[in-house]
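If you want the building blocks of each chain, they are given just below.
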Amino acid sequence: MKLLEVADLPLWSAPRWTWTLWTLVLCSAVLPVTAASAAETGYAGQVVRCQSRDMEWVHCDMPVANGVDLVRQLSSNSCIRGTEWGTDRSGVWVTLGCRAEFRSRVAGNNADTGDRKVRRVLRCESNGRPQNCPVVLQGAPVRLLRQLSSMPCREGHSWGVRRNEVWVTRGCQGDFEVGATDGSGFLDVPRTLVCESKSRQRRFCGATISKGVRLSRQLSGSACEEGRGWGWDARGVWVDNGCRAEFQVN
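Residues numbered from 1 in each chain as written. Predicted model: local features only at pLDDT ≥ 70, side-chain atom pairs only at ≥ 80, totals over all residues. Heavy atoms only, no water.

K.L.:
Summarise the nonpolar core; cite the residues concerned and give the values.
P.N.:
Core analysis: the biggest nonpolar cluster contains 15 residues, and Val142, Trp159, Val166 and Phe176 have the highest contact counts within it. At the level of elements, strand 9 (120-125), strand 11 (142-147), strand 13 (165-168) and strand 14 (173-178) are the ones that each hand at least two residues to this core. Discounting residues that sit within four places of it in the chain, phenylalanine 176 has contacts with Arg120, Val121, Leu122, Cys124, Val142, Arg143, Leu144, Leu145, Trp159, Val166 and Val168. (Core = buried A, V, L, I, M, F, W, Y, C linked by side-chain atoms within 4.5 Å. Buried < 20%, exposed > 50% of the residue type's maximum accessible area, 1.4 Å probe, protein only. Helix = DSSP H or I, 4+ residues; strand = E, 2+ residues; numbered from the N terminus. Contact = heavy atoms within 4.5 Å.)

K.L.:
Tell me about the pattern of salt bridges, residues and numbers included.
P.N.:
As enumerated under the stated definition, the model contains 13 salt bridges in all. A salt bridge links glutamate 177 to arginine 119, with the nearest nitrogen and oxygen atoms 3.6 Å apart. Taken together, the residues span a long stretch of sequence, with glutamate 177 in strand 14 and arginine 119 in the loop between strand 8 (99-105) and strand 9 at a distance of 58 residues. Given a relative accessible area of 2%, glutamate 177 falls into the buried group. The closest approach of N and O atoms between arginine 123 and aspartate 175, which form a salt bridge, is 2.8 Å. Of this pair, arginine 123 sits in strand 9 while aspartate 175 sits in strand 14, placing them 52 residues apart in sequence. Across the pair, exposure class does not vary: arginine 123 and aspartate 175 are buried alike. Residues joined in a network through salt bridges with shared partners are Glu84, Arg119, Arg143 and Glu177. (Salt bridge = Lys/Arg side-chain N within 4 Å of Asp/Glu carboxyl O.)

K.L.:
How would you explain the state of the cysteines if you had to name every residue and give the values?
P.N.:
Within the structure shown, the criterion is met by 6 disulfides. With its sulfur 1.9 Å from that of its partner, cysteine 124 forms a disulfide with cysteine 133. Because the torsion about its S-S bond is 85°, the bridge between cysteine 124 and cysteine 133 counts as right-handed. An identical accessibility class is assigned to cysteine 124 and cysteine 133; each is buried. A sulfur-sulfur separation of 2.1 Å characterises the disulfide bridge that pairs cysteine 224 with cysteine 243. (Disulfide = S-S within 2.5 Å.)

K.L.:
Please provide a residue-by-residue account of the sheet that holds strand 17 (residues 213-218), values included.
P.N.:
Strand order in the open sheet formed by 3 strands is 15-20-17, and the pairing between neighbours is antiparallel. The sheet is open, and its two edges are formed by strand 15 (191-196) and strand 17, each paired on a single side. Neighbour-to-neighbour, the strand axes of the sheet open up by a mean angle of 30°, direction not taken into account. Pairing of strand 17 with strand 20 (residues 244-249), which is carried by 5 bridges, proceeds in the antiparallel orientation. Bridge pairing in strand 20 links arginine 217 to glutamate 246. (Pairing = 2+ DSSP bridges. Axes fitted to C-alpha atoms, helices over the stretch in contact; angles between N-to-C directions.)

K.L.:
Let's hear about the environment of serine 197: which residues, and what values?
P.N.:
Considering the arrangement of structural elements, one finds serine 197 in the loop between strand 15 and strand 16 (203-206). A residue is classified by how much of its surface remains accessible, and serine 197, at 3% relative accessible area, is buried. For the pair serine 197 and asparagine 241, spaced 44 residues apart in sequence, the C-alpha to C-alpha distance is 6.6 Å. Filtering out sequence-adjacent residues up to four positions away, serine 197 remains in contact with Arg202, Arg203, Val239, Asp240, Asn241, Gly242, Cys243 and Arg244.

K.L.:
Talk me through the packing of aromatic side chains; I want residue IDs and the actual numbers.
P.N.:
Evaluation of the coordinates by the stated rule reveals 3 aromatic pairs. Each ring, one from tryptophan 85 and one from phenylalanine 102, has its centre 4.9 Å from the other, and the planes form 50°; the classification is tilted. Here the residue tryptophan 85 occupies a position in strand 6 (residues 85-87), and phenylalanine 102 occupies one in strand 8, the gap between them amounting to 17 residues. Look at tryptophan 159 and phenylalanine 176: their rings are 4.9 Å apart centre to centre, the planes differ by 50°, and that puts the pair in the tilted class. With tryptophan 159 in strand 12 (residues 159-162) and phenylalanine 176 in strand 14, the pair connects residues that are 17 residues apart, well separated along the chain. Taken as a pair, tryptophan 159 and phenylalanine 176 share a single burial class, namely buried. Cation over ring: arginine 154 sits above phenylalanine 204, and NZ or CZ is 4.0 Å from the ring centre. The ring of tryptophan 238 carries the charged tip of arginine 202 above its face, separated from the ring centre by 4.0 Å. (Phe/Tyr/Trp six-rings, centres within 6.5 Å; stacked < 30°, edge-to-face > 60°. Lys NZ or Arg CZ within 6 Å of the ring centre and 35° of its normal.)

K.L.:
Just give me the short version of the sheet that holds strand 16, but keep the residues and values in it.
P.N.:
Here 3 strands make up an open sheet; going across it, the order is 16-19-18 and the pairing antiparallel. Where the open sheet ends on each side, the last strands, each with one partner, are strand 16 and strand 18 (230-233). The sheet shows a mean angle of 20° between the axes of neighbouring strands, direction not considered. Two elements, strand 18 and strand 19 (residues 236-239), share 4 bridges in a ladder whose sense is antiparallel. Its bridge partner lying in strand 19, aspartate 233 is registered against glycine 236.

That is the geometry; function is a separate question.
Structure, rendered in structure tokens:
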């Protein structure tokens, strides 16, 4: 129940210790930076290319003590800090198909890097019992960004909001986005949601949806036909009959 201002936790649920040779290859590209370009941009050192393929979580070692900036996005999937990329003590991580180049910032340099897209994310988890997760809201709205549990997260039933806290119960575990306090709402960028029907069983994947859902990539051999294999409402996406797919949620 910790508010992640700088996105210390990825949304992808793969264990951090599951390292493979392929994972190391994905983040091994290091690009040189000339002294002239470093002086112009306020950066020094090297550019690290970190890539999430097939939606997996990938960690790339690099200096982070003075901050890290995304300098070039390579993927068509969004790279939003807080959900698709972030930092920890030893480097940068990417997930949900984000592929980008990152550069460490020089000590004492606070040069403006333009419009930064950052989500405020709160992780709140119930082990079956009610759990309250404090957060300073000041009137800001909250929505379910991504359901992490197999148990469904339905607003008003297994999760909700009170003054300066999010509550969950009945096994709901999720990442919740805190909107702006000025009334401008949430970051208006589509979110990637993976929902899978395993053993041809119906599965509900919670996410607060205000506009619509689009199937962006089918992952299963079974058909994903809207209305039969998948569908959605304001509370999330459902899949059935073996449909496994990636969805763009807005």
